[in-house]
Protein chains: 2
Amino acid sequence: MFRALADATRRDIVRRTLRAEATVSELAGSYDMSFAAVQKHVAVLEEAGLVSKRPRGRERIVRGNPEAIRRAQSLLDQFEEIWRARIDRLDALLDADTPNNAKER
Amino acid sequence: MFRALADATRRDIVRRTLRAEATVSELAGSYDMSFAAVQKHVAVLEEAGLVSKRPRGRERIVRGNPEAIRRAQSLLDQFEEIWRARIDRLDALLDADTPNNAKER
DNA sequence: AGTTTGTACAACCATTTGGTTGTACGTTAT
DNA sequence: ATAACGTACAACCAAATGGTTGTACAAACT
């Protein structure tokens, strides 16, 4: 999933389809590459769950999936939390080392 | 930067060094690959700003950078916000379509 | 002084990635 | 019915990626 977000074109497709739905060919029109290339990007994003496609006649409507974004966020939140835990441990160490008559900062 | 986070080993290095500092060889001991491979991963992470290195004698101490994590988070937050804006626009449309005597949900 | 340790980096290799063109096929328009 | 359109997918290609081994070098140990 981070792998899917690693490409600038794909991030832009996510942004665009999060803002408003678009067909694959509409998307393809926005980028300076072949239709097939864009279609592959969309496939990668769909694989990663960042985007979903639904058919309307011969076209496929692409829609960004906010749920997947939230999953990525929660992963980063975990990182944040791990780091905070380390800071807490350091604080505890410092506290244990602080004389009783020390002033609170 | 998402590219740097796209590899599982690298994500683990970030986690580990966010929790506590570690030398490159300590890290290398944790993974089933050559020292050089791990060293390259650390280099990629450093390039992306996700990790910083400082020398202590002949070793290099690696530390995860919470600031970079926050930058990634804020990027995902932007996605979230874009999506919310779309929902707001849809709501506005529905409101405009709602007869005056309709009940509030 | 000589050896070991920790790191960096080059050269190499297989696989993956991001792109291309061409083909096929169902859907819509004439 | 035929043509045009939107999409999917295969085959191909160059470049990037993730790994390897080997070499070099400074710092630390004996």
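Scroll up to find the structure this text is about.
The rules we used
- Residues numbered from 1 in each chain as written.
- Chains lettered and ligands numbered in written order.
- Predicted model: local features only at pLDDT ≥ 70, side-chain atom pairs only at ≥ 80, totals over all residues.
- Heavy atoms only, no water.
- Near = heavy atom within 4 Å.
- Polar contact = N/O pair within 3.5 Å; in protein donor to acceptor, adjacent residues only side chain to side chain.
- Helix = DSSP H or I, 4+ residues; strand = E, 2+ residues; numbered from the N terminus.
- Least-squares fit on C-alpha atoms with pLDDT ≥ 70 in both.
- Contact = heavy atoms within 4.5 Å.
- Pairing = 2+ DSSP bridges.

**Digging into the protein's contact with DNA strand D**
Move 1: Around DNA strand D sit 22 residues, and of these Ser25(A), Arg60(A), Ser34(B), Lys40(B) and His41(B) come closest.
Move 2: Near the protein, within 4 Å, the atoms of DNA strand D are sugar or phosphate in 68% of cases.
Move 3: Separating a phosphate oxygen of DNA strand D from a side-chain N or O atom of Gln39(A) is a distance of 3.4 Å.
Move 4: Arg58(A) is positioned such that a nitrogen or oxygen atom in its side chain is 3.3 Å from a base oxygen of DNA strand D.
Move 5: When residues of the surface near DNA strand D are traced back to their parent elements, those giving at least two are helix H3 (24–30), helix H4 (35–47) and strand E3 (59–64) of chain A together with helix H4 (35–47) of chain B.

**Some points on the relation of the copies chain B and chain A**
Move 1: Superposition record for chain B on chain A: RMSD 0.1 Å, screw rotation 180°, translation along axis 0.0 Å. Taken together, these values place the two copies in the relation of a two-fold axis.
Move 2: A share of 100% of the interface residues of chain B reappears at the interface of chain A, consistent with the copies meeting face to face through the same patch.

**A look at the sheet that holds strand E2 (residues 51–56) of chain B**
Move 1: With respect to topology, three strands assemble into an open sheet ordered E1-E3-E2 (chain B), the strand pairing being antiparallel. Among the strands making up the open sheet, the edge pair consists of strand E1 (22–23) and E2 of chain B.

**Notes on the protein's contact with DNA strand C**
Move 1: Inspection of the region around DNA strand C gives 22 residues, with Ser34(A), Lys40(A), His41(A), Ser25(B) and Arg60(B) positioned closest.
Move 2: Sugar and phosphate atoms form 68% of the subset of DNA strand C atoms that lie within 4 Å of the protein.
Move 3: Arg3(A) is positioned with one of its side-chain polar atoms (N or O) 3.5 Å from a phosphate oxygen of DNA strand C.
Move 4: Separating a phosphate oxygen of DNA strand C from a side-chain N or O atom of Ser34(A) is a distance of 2.5 Å.
Move 5: Put simply, the parts of the chain that give the surface near DNA strand C at least two residues each are H4 of chain A together with helix H3 (24–30), H4 and strand E3 (59–64) of chain B.
Move 6: Looking at the surface near DNA strand C element by element, the count peaks at four residues for H4(A).

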